[in-house]
Amino acid sequence: GREEPIAAPARAYRSPRLTPDGTRIADDINDQENDIWVWDLVRKNLTRLTFDPYSDGSPVWSLDGRRILFSSTRAGRANNAPANLYWQAADGTGQAERLTDGAKTQLAHALSPDGKYLLFGGIDDKTGRDILMLSIENRKTTPLIQTTFGELNPAISPDGRWIAYQSN
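Residues numbered from 1 in each chain as written. Predicted model: local features only at pLDDT ≥ 70, side-chain atom pairs only at ≥ 80, totals over all residues. Heavy atoms only, no water.

Engineer: In this structure, what is going on with the sheet that holds strand 7 (residues 84–89)? I would like to understand it.
Structural biologist: Two orientations exist for strands paired in a sheet by backbone hydrogen bonds: parallel and antiparallel. The strand order across the open sheet built from 4 strands is 5-6-7-8, with neighbouring strands paired in antiparallel fashion. Both outer strands of the open sheet, strand 5 (56–61) and strand 8 (97–98), are each paired with one neighbouring strand and no more. Looking at chain direction, strand 6 (residues 67–72) and strand 7 are connected through 6 bridges and run antiparallel. Looking across to strand 7, one finds that Ser72 is bridged to Asn84. (Pairing = 2+ DSSP bridges. Helix = DSSP H or I, 4+ residues; strand = E, 2+ residues; numbered from the N terminus.)

Pasting the structure below:
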């Protein structure tokens, strides 16, 4: 491989994620909007996906490229709401659907190779930063890696047998 610049306009890109078919990039742009945008590598255009006044970030593509899972504080900062997990059609149609209702901030990271589970980072008062797993089918959340240390940024191997993550 070799690096190739893309023609995307200069913005404060933060978490670029390539679609499974390699044709689009979802990213949260950390500027005045703090929303999810999609760069089409073929058409060379940038399209805004989310329009909520609160922060949307940490995008993860569904396996078929039809949905983007992400973290959002759209429940309202006035209520001191944490970032929870949502998903929305990648073409921008319809409304975002809330997947979790946690009391602490949650950041989307990695979808399992079968598309059934999302690994995400969560914060617990006792254990700090942990890695949790969301069942897409029944919306059940399960702690996956929870120690007295901070665990974050999980990635799943292509065969689903291994998880790499950062820890202190």
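Next comes the rest of the write-up.
Engineer: Help me understand the environment of Asn30 in this model?
Structural biologist: With respect to the helices and strands, Asn30 occurs in the loop between strand 2 (24–29) and strand 3 (35–40). A relative accessible area of 38% means that Asn30 is categorised as partly exposed. Residues Asn30 and Arg98, spaced 68 residues apart in sequence, show a C-alpha to C-alpha distance of 21 Å. In contact with Asn30, other than residues within four places in its own chain, are Ala12 and Arg14. (Buried < 20%, exposed > 50% of the residue type's maximum accessible area, 1.4 Å probe, protein only. Contact = heavy atoms within 4.5 Å.)

Engineer: Whenever I open this one, the environment of Gln95 confuses me. Can you help?
Structural biologist: Within the secondary structure layout, Gln95 lies in the loop between strand 7 and strand 8. Since its relative accessible area comes to 73%, Gln95 is described here as exposed. Residues Gln95 and Leu85, 10 residues apart in the sequence, show an inter-C-alpha distance of 14 Å. For Gln95, the residues in contact, after removing those within four places along its chain, are Trp87 and Gln88.

Engineer: In this structure, what is going on with the pattern of salt bridges? I would like to understand it.
Structural biologist: This model, assessed by the stated rule, comprises 9 salt bridges. For Asp56, the salt bridge identified is with Arg74, shortest N-O distance 2.9 Å. Pair noted here: Asp56 is in strand 5 and Arg74 is in the loop between strand 6 and strand 7, with a separation of 18 residues, a long-range link. Of the two residues, Asp56 and Arg74, neither departs from the other in class, the shared state being buried. The salt bridge involving Arg66 is made with Asp64; its shortest N-O contact spans 3.9 Å. For the residue pair Arg66 and Asp64, the accessibility class agrees, reading exposed in each case. (Salt bridge = Lys/Arg side-chain N within 4 Å of Asp/Glu carboxyl O.)

Engineer: Just to check I follow, could you spell out the packing of aromatic side chains for this structure?
Structural biologist: Centre distance and the angle of the planes are the two values used to describe a pair of aromatic rings. Counted according to the given criterion, the structure contains 1 aromatic pair. Between Phe70 and Tyr86 the ring centres are 6.0 Å apart and the planes differ by 20°, which places this aromatic pair in the stacked class. Here Phe70, found in strand 6, pairs with Tyr86, found in strand 7; they are 16 residues apart in sequence, far enough to count as distant. On the basis of relative accessible area, Phe70 is assigned to the buried category, the value being 0%. The class for Tyr86 is buried, based on a relative accessible area of 5%. Over the face of the ring belonging to Trp87 we find Arg67, whose NZ or CZ atom lies 4.3 Å from the ring centre. Over the face of the ring belonging to Tyr86 we find Arg74, whose NZ or CZ atom lies 5.3 Å from the ring centre. (Phe/Tyr/Trp six-rings, centres within 6.5 Å; stacked < 30°, edge-to-face > 60°. Lys NZ or Arg CZ within 6 Å of the ring centre and 35° of its normal.)

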